[in-house]
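Take a look at the letters that make up each chain.
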Amino acid sequence: MQNRKKYKGIIFSIICALAVATISCNKDFVRTLPDKNYTDTAKATSGERKVLYLIVDGARGSSVNSANVPNIKTLLPYSIYSWVALSDPDSTRDVSNWANMLTGVKKEKHKILSDDFAGNNLATYPVFFERIKEEKPNAKIVSFSSSAIFKNKLTQGAAISQQFDTDEQIKTAVVNSLNTDTAQLILGHFNDIKEAGAKYGFDNSSSQYKASIEKFDGYVGEMIDALKKRKNYANEDWLVVIASSGGGKFAIPANQDDNTVFSNTAVNTFTIYYNPKYKQRIIGKPFTGNRYLGRTVRLKDTGIRAEIDTADIFNLDDTTKFTIELKVKKNEDKFFWPSILGKRAQWSSGHPGVGWVIYLEDAYWYFEYRGTKDGDYHQCRGGDLQKGRWQNLSVKCEIRAGRRYIRTYTDGVFNNELDVTESGSFSNHSPLKLGYLNGQGHGTPDVYVTDIRFFKIDVPDAVIGNYACETSISEGHPYYTFLAAYWPGTDGQGDKIRDIGPQARDFQLKGNYQWEDFNDLICPPPAGALAQFVPQTADIPAQIINWFRIPNRQAWGLDGRVWLDQ
């Protein structure tokens, strides 16, 4: 009896061990499943997968969207699509954008920067046709284009690559191929829209440009009709890709310009991935920054400026911890040494006199100071500022282990640091001046300055970063009680820029100033960061490779991502 119990215990232990092992194995299996972003979701059961890939040059996404394009829009309920897709913001040549769309990598890798393809790296990053042929040697690929460069340089791996004179001929070649061919991938490259844009303007306000878009839409209708009439269509599963390689330069109205890559009409494209089994997914413009609006004064040349005559409360002695923050929008790309905020007797060559100045040089800014002890001036550099964009400048003095340090930040990001312990005090009896500061040997400003905050404490780096893109300050700010002054600078009327801080020291406006309305974005993310949220030209090869159920090999180094319908 005891032995029977013993054997039952052993058997029970074995069963438990097997159960645990099974669960563990299942967990490992789940962890090895492909990431959802790389698994196509079209519910094909037996159809042979094929692709119709239409590249159209010069078609701005916003213009295609607002044109009369019924054939394209008929596809949208079964598409993943975006009217705010992007080509490479730094590419200025068609060949670079074509290479993105045919290699799946960006110019930094394929190195196709000119029509002669000098220095290209196609040996390492070939046209994606070759990637398909590696995995599916019998896959037939055909390509039709009106460009000799496109045909001769960017269609390696295609069984048929033909050049035609017109977009209509290319459409006919695609239709004929759809009617008769067994190809797995058919590519048509169209150029008439770009030619119309180059001649008449890349916007639907040009009737010729709009007409060229609508004519292309007619071609799309004919090609889709031919695709659906294929004899074996019921046993096939088609992905249709329609995408522009680039937009075109056009001056959009000021109220449409958000100072981000999405206002660069030359890189505004569209991308459509259509399959009858897809659920509709619209990819719109991502968050591009906080909206900042109000009325302020343009500080320009020597005349339009502001100052506070009795300003000793804002002196910076050799024990003062402080943080000065301000929003700046400059109206030129480069400046040469104009002050935008300072407290010293003059701002001249040689930097005479004790005090400090925030000034602009080239594309960046500086905090400059001369103290009472070491007899020399010093500069702590800030970051680059972009023309026409509000940016936050911060400078602070903190004390660590008995040493004083000046630190600069742009949009909350740390720039540079200098030890100022030996410089002494920056204090003087000079006015605090906003805009032009009298002196010789420097240029004059042309800027807007708002949201000026003067703290008598060294605000921590994390707080500077967290609040840099806020357009006002309230009691919710953790260092609000240390404010010595706060000038919003958006009063909108009157002859003063008012201090709503505890000292109530107002800036007196000088010269022939005017209050001007503004309505802008502040702290928009960089182009590279924004581009990740919308389809890009380099994404398309990865999407097509994924459609063919070919593993995206790490060794290929593709830059693109796969977009799903959910």
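Everything numeric in this text was worked out from a predicted model, so none of it was measured.

1. Quick word on the sheet that holds strand β13 (residues 355-362)
Working step 1: Within the open sheet, the eight strands sit side by side as β15-β14-β13-β12-β19-β10-β23-β22. Their pairing is antiparallel. The strands lining the two open edges of the sheet, one partner per strand, are β15 (377-384) and β22 (496-497).
Working step 2: With two bridges joining them, strand β12 (residues 335-343) and strand β19 (residues 432-434) adopt antiparallel strand pairing. Bridging from a neighbouring strand, Leu-341 pairs with Leu-434 of β19.

2. What about the environment of Ile-308?
Working step 1: Within the element layout of this structure, Ile-308 appears in strand β10 (residues 305-308).
Working step 2: Ile-308 sits 180 residues away from Pro-488 along the chain, and the two C-alpha atoms are 15 Å apart.
Working step 3: Residues in contact with Ile-308, not counting those within four places in the same chain, are Phe-314, Pro-431, Leu-432, Trp-487, Arg-505, Asp-506 and Phe-507.

3. Remarks on the pairing of strand β23 (residues 507-510)
Working step 1: Burial along β23 is one-sided: Phe-507 and Leu-509 are buried, while Gln-508 and Lys-510, pointing the other way, are not.
Working step 2: Bridge count for β10 against β23 is three bridges, and the pairing is antiparallel. When the bridges of β23 are listed, Arg-305 appears paired with Lys-510.
Working step 3: In this sheet, β23 lies alongside β22 in antiparallel orientation, the contact comprising two bridges. Across the sheet, residue Lys-496 finds its bridge partner in β23, namely Gln-508.

4. Digging into the packing of aromatic side chains
Working step 1: Evaluated as defined, the whole model comprises 27 aromatic pairs.
Working step 2: Taking 5.0 Å as the distance between ring centres and 70° as the angle between the ring planes, the aromatic pair formed by Tyr-292 and Phe-518 counts as edge-to-face. Of this pair, Tyr-292 sits in strand β9 (residues 290-300) while Phe-518 is found in strand β24 (residues 515-522), placing the two residues 226 residues apart along the sequence. Residues Tyr-292 and Phe-518 agree in their burial class; the two are buried.
Working step 3: Its end group placed over the ring of Trp-547, Arg-49 keeps NZ or CZ at 3.9 Å from the ring centre.
Working step 4: Positioned above the aromatic ring of Phe-117 is the side chain of Lys-153, whose terminal nitrogen or guanidinium carbon lies 5.8 Å from the ring centre.

5. Points about the side chain of Arg-389
Working step 1: For Arg-389, the location among the structural elements is in the loop between β15 and β16 (391-400).
Working step 2: We note that Arg-389 is buried and unpaired, the nearest opposite charge coming from Asp-411 at a distance of 6.3 Å.

Conventions we followed
- Residues numbered from 1 in each chain as written.
- Predicted model: local features only at pLDDT ≥ 70, side-chain atom pairs only at ≥ 80, totals over all residues.
- Heavy atoms only, no water.
- Pairing = 2+ DSSP bridges.
- Helix = DSSP H or I, 4+ residues; strand = E, 2+ residues; numbered from the N terminus.
- Contact = heavy atoms within 4.5 Å.
- Buried < 20%, exposed > 50% of the residue type's maximum accessible area, 1.4 Å probe, protein only.
- Phe/Tyr/Trp six-rings, centres within 6.5 Å; stacked < 30°, edge-to-face > 60°.
- Lys NZ or Arg CZ within 6 Å of the ring centre and 35° of its normal.
- Lys, Arg positive; Asp, Glu negative; His and termini not counted.
- Salt bridge = Lys/Arg side-chain N within 4 Å of Asp/Glu carboxyl O.

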